[in-house]
Structure formats: structure tokens, C-alpha cells
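Here is what each chain is made of, one letter per residue.
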Amino acid sequence: MDILLIAGLWLDGSAWDGVVPELTALGHRPVPLTLPGQGDGTASATLDDQLETVLAAVDAAPGKPLVVGHSAASSLAWLAADARPEKVAKVALIGGFPAADGRAYADHFAIEGGAMSFPGWGPFEGADAADLDQETRDRVASAAVPVPEAVARGVVRLTNERRFDIPVVVVCPEFTPAQAKEWIAAGESPELARATHLEYVDLDSGHWPMATRPRELARVLAEAANS
């Protein structure tokens, strides 16, 4: 199965370098995406531009792919499900929950000079970054790409209720499945509260398991693709 890999804020397709060979060895075809404005040198990219890149990959897949969104890109994976419900086999969300219709995509940090730069590790101290050693921190931070303002502040538009019938796997890295269920039940993810096929997988890591536990993450994604 094709497994489309969409990394979160500040990351390009190379974020999946440790995961790709593991997925290939498990019999799948991983397709890491570099999004407009996050690694292709386009500072004026919009959220729509990023979605178009994801949809082009969905359309190019010979069958129905598993679409994987990490962190903020959980919303991009869900937007792909909304736009192509007949084409997406399943969605896997790693450490993130899709934004609701009408909400900003990822307006989380200060925007200066038309872009939202990586804010350093301060905001992520604790469970998010607990498993990152200094070498990995330095590597991720040095490769971080400022996210264009029109991406971060882009408005999520969801229109097709068939998205709720697509199976969703919530991969829980820095939080537990029990916490995720509690948050969804409390109304913190209206989109996932309406999903009809929802499963949870625990992955004991921080917020960036592709960097710290690529083999384990690949196994989780392969199992999601196989089921």
C-alpha cells in the first residue's frame, strides 16, 4: 500500500528518512511529502497549495493510500480525506488532532516577516521533547523551515461528511490513548468525535517519533495499512 507521509510544522520530507526504509522493508511504498513553503523554497505558499500537493499524491497512488499526518499536519491529512473520501483508505494521525471547519490551520506561534519560525525547544519542554537527545534537537532545529503565514493562518474548510466514514488511527506518542479518548469525549476534537471508525495506538515517545523511534513508528503505520 502507498503510505503518504506528511510532517508537521517546520519539517520537510526528510523528516521521514528513518521511517521510509523500515516501511519499505515491511512491504509498503512510503511517499514522504515536501510541502510548498516547507522545503521547496516557496515563501509565499498557502494552505491551499499544501493541500493541492497532498491531493496530487493521493490521486497519483495506484490504489487507496493510507494518509499519515503528523502534529499540525493531522489537519492536512483530514482535509485530504474530506476532499477524496472515495480514494483515501485510512487516515493515521500522529500526535495531533484535525482542526475543525473554520479554524486556523496552525496559528500557534509568533509570525514575523511573513513566516512562523521554529520557536526553539522552550515551548516543547516536558513530554513533547523528553526523548530528544541534544544531537537530535540540534539536527531538527537546524533543518527547521519557517512556515509561511498564509499556511499557518490558512482557514480549514471541510465540506464532505463522508470523511467521517474513513477509518482513523490515532497514534498517541507523548500522550496516552486514555488521554486522547478523554479529550475527544470532552469536545476538544469535534471532528474525531464524529468519526465512525476510530482506533488508538500507544507509542511511547515524544512528539517527534519519526526522529526518535522510526522503527516502532513504521511498525505502527504498517499495521494500520494492513488492517
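Conventions used here
- Residues numbered from 1 in each chain as written.
- Predicted model: local features only at pLDDT ≥ 70, side-chain atom pairs only at ≥ 80, totals over all residues.
- Heavy atoms only, no water.
- Helix = DSSP H or I, 4+ residues; strand = E, 2+ residues; numbered from the N terminus.
- Rg over C-alpha atoms; globule rule 2.2 N^0.38 Å.
- Buried < 20%, exposed > 50% of the residue type's maximum accessible area, 1.4 Å probe, protein only.
- Contact = heavy atoms within 4.5 Å.
- Areas by Shrake-Rupley, 256 points an atom, 1.4 Å probe, with all protein chains shown as cover.
- 1 Å grid on protein atoms, 1.4 Å probe; cavity = no way out; pocket = protein on both sides within 12 Å on 5 of 7 lines; lining within 4 Å.
- Points joined across faces, edges and corners; volume = space filled by probe spheres on them.
- Nonpolar A, V, L, I, M, F, W, Y, C, P; charged D, E, K, R; others polar.
- Core = buried A, V, L, I, M, F, W, Y, C linked by side-chain atoms within 4.5 Å.
- Phe/Tyr/Trp six-rings, centres within 6.5 Å; stacked < 30°, edge-to-face > 60°.
- Arc of directions from axis to C-beta.
- Pairing = 2+ DSSP bridges.
- Axes fitted to C-alpha atoms, helices over the stretch in contact; angles between N-to-C directions.

Q: Hey, could you run me through the overall build of the chain in this one?
A: Secondary structure assignment for the chain yields 9 helices and 8 strands. For 227 residues, the compact-globule estimate of 2.2 N^0.38 gives 17 Å, and the chain sits close to it at 16 Å. Principal-axis analysis of the C-alpha atoms gives the chain an extent of 40 × 40 × 35 Å. When burial is assessed residue by residue, the chain has 51% of its 227 residues classed as buried. Considering only contacts in the chain between residues 6 or more positions apart, those separated by 24 or more positions represent 78%. Surface accessibility of the chain: about 9,600 Å² in total, with carbon and sulfur atoms responsible for 48%.

Q: Just to check I follow, could you spell out the side chain of aspartate 82 for this structure?
A: Inspection of the secondary structure puts aspartate 82 in helix H3 (residues 74-83). A residue is classified by how much of its surface remains accessible, and aspartate 82, at 6% relative accessible area, is buried. Sequence-distant contacts of aspartate 82, defined by excluding residues within four places in its chain, comprise Arg157, Leu158, Thr159, Asn160 and Arg163.

Q: How should I be thinking about the layout of surface pockets in this particular structure?
A: To find leftover empty space, one rolls a probe the size of a water molecule over the atoms. Counted as a void, the largest pocket has a volume near 690 Å³. Taken together, 30 residues make up the lining of the largest pocket; nearest its centre are Ser71, Ala72, Gly96, Phe97 and His108. Here the lining of the largest pocket is composed, by residue class, of 16 nonpolar, 9 polar and 5 charged. The space that makes up the second largest pocket amounts to roughly 220 Å³. Every residue lining the second largest pocket is counted, 13 residues in all, and those nearest its centre are Leu11, Ser14, Ala15, Arg139 and Val140. Every element with two or more residues in the lining of the second largest pocket is listed here: helix H4 (134-143) and helix H8 (209-212). Ranked by residues supplied to the lining of the second largest pocket, first place goes to H4 with 3 residues. In terms of residue class, the lining of the second largest pocket is made up of 9 nonpolar, 1 polar and 3 charged.

Q: Could you clarify how one ought to interpret the nonpolar core in this entry?
A: Buried together is how nonpolar side chains tend to be arranged in soluble globular proteins. In this structure, Ile6, Trp16, Val68 and Tyr105 are the most contacted members of the largest nonpolar core, which totals 76 residues. In terms of residues, this core owes the most to one element, helix H9 (residues 214-226), which gives 7 residues. In this structure valine 68 touches Ile3, Leu4, Leu5, Ile6, Trp16, Ala77, Ala92, Ile94 and Leu221, once residues within four positions along its chain are discounted.

Q: Where do I start with the packing of aromatic side chains in this structure?
A: Where two aromatic rings form a pair, the distance of their centres and the angle of their planes describe that pair. Following the criterion strictly, the structure yields 13 aromatic pairs and no others. Taken together through their ring pairs, the aromatic side chains of Trp10, Phe109, Phe118, Trp121, Phe124 and Trp208 make up a single cluster.

Q: What is the right way to read H4 from this model?
A: Structurally, the α-helix is built with 3.6 residues per turn, so residues lying three or four positions apart point the same way. Three or more residues of H4 are buried, namely Thr136, Arg137 and Val140. Projection of H4 onto a plane perpendicular to its axis shows the buried side chains occupying an angular sector of 100 degrees, all on one side. When the buried face of H4 is taken as reference, the exposed residues oriented beyond 90 degrees from it are Gln134, Glu135 and Ser142. Elements that come into contact with the buried residues of H4 comprise H8.

Q: Explain the sheet that holds strand S1 (residues 2-6) to me, please; I cannot follow it from the model alone.
A: By way of backbone hydrogen bonds, the strands of a sheet pair with one another, either parallel or antiparallel. Across the sheet, which stays open at both edges, the 6 strands sit in the order S2-S1-S3-S4-S7-S8 with parallel pairing between neighbours. Both outer strands of the open sheet, strand S2 (29-33) and strand S8 (198-202), are each paired with one neighbouring strand and no more. For this sheet, the mean angle separating the axes of adjacent strands, direction not counted, is 20 degrees. As paired strands, strand S7 (residues 168-172) and S8 are joined by 5 bridges and run parallel to one another.

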